[in-house]
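Fold and geometry: a report
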Amino acid sequence: MSGQLSSSGGSGNRQRPVVLDLSKHVERSVLVKLVGGRQIRGTLKGWDPLVNLVLDDAVEELRDPTDPYILTGKERKLGLLVARGTSVMTICPTDGMEETENPFVDQE
């Protein structure tokens, strides 16, 4: 999986640039949020034009089963993971990232 250029199918040898260039994040730690609320951290090894991702040393951050908005602090090791592009919502580098409190949630 590269991600440099994708060839258009059909007419000739025209090349078009990929919409999302993740080359600067290869071999770096990323946080991937998937449809359905799952959150995966791992080392980005590759991707394709459909945003199918290959992550190594992947770890899922588990959520509370009663409230899917709360992280439990527990993790599940997944190892090598291929995430289908149709399920990927966000891709975020973990370098320089920190979680902040939501100012719009009522603090009890």
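Another aspect to go through is the overall build of the protein. Counting its regular elements, the protein contains zero helices and seven strands. Tracing the protein from N to C terminus, the helices and strands come up as β-β-β-β-β-β-β. Once local pairs closer than 6 in sequence are excluded, the contacts in the protein between residues at least 24 apart make up 43%. Accessible area for the protein stands at about 8,000 Å²; split by element, carbon and sulfur atoms hold 52% of it.

Let us now look at the nonpolar core. The biggest cluster of nonpolar side chains holds 14 residues, and the ones touching the most others in it are V32, L53, L55 and V88. Looking at this core, the elements that each hand over two or more residues are β3 (29-34), β4 (39-47), β5 (53-63) and β6 (71-83). In this structure, V88 is in contact with V32, K33, L34, V51, L53 and A83, ignoring residues within four places of it in sequence.

Taken together, five strands build an open sheet; the order of strands is β6-β5-β4-β3-β7 and the sheet is antiparallel. Unpaired on one side and paired on the other, β6 and β7 (88-93) mark the two borders of the sheet. Recorded for the sheet is a direction-independent mean angle of 30° between the axes of neighbouring strands. Of the strand pairs in this sheet, β3 and β7 are connected by five bridges, and their pairing is antiparallel. Note that in β7 the partner of V30 across the bridge is P93.

Thresholds applied
Residues numbered from 1 in each chain as written. Predicted model: local features only at pLDDT ≥ 70, side-chain atom pairs only at ≥ 80, totals over all residues. Heavy atoms only, no water. Helix = DSSP H or I, 4+ residues; strand = E, 2+ residues; numbered from the N terminus. Contact = heavy atoms within 4.5 Å. Areas by Shrake-Rupley, 256 points an atom, 1.4 Å probe, with all protein chains shown as cover. Core = buried A, V, L, I, M, F, W, Y, C linked by side-chain atoms within 4.5 Å. Buried < 20%, exposed > 50% of the residue type's maximum accessible area, 1.4 Å probe, protein only. Pairing = 2+ DSSP bridges. Axes fitted to C-alpha atoms, helices over the stretch in contact; angles between N-to-C directions.

Function cannot be read off these values alone, since they describe shape.
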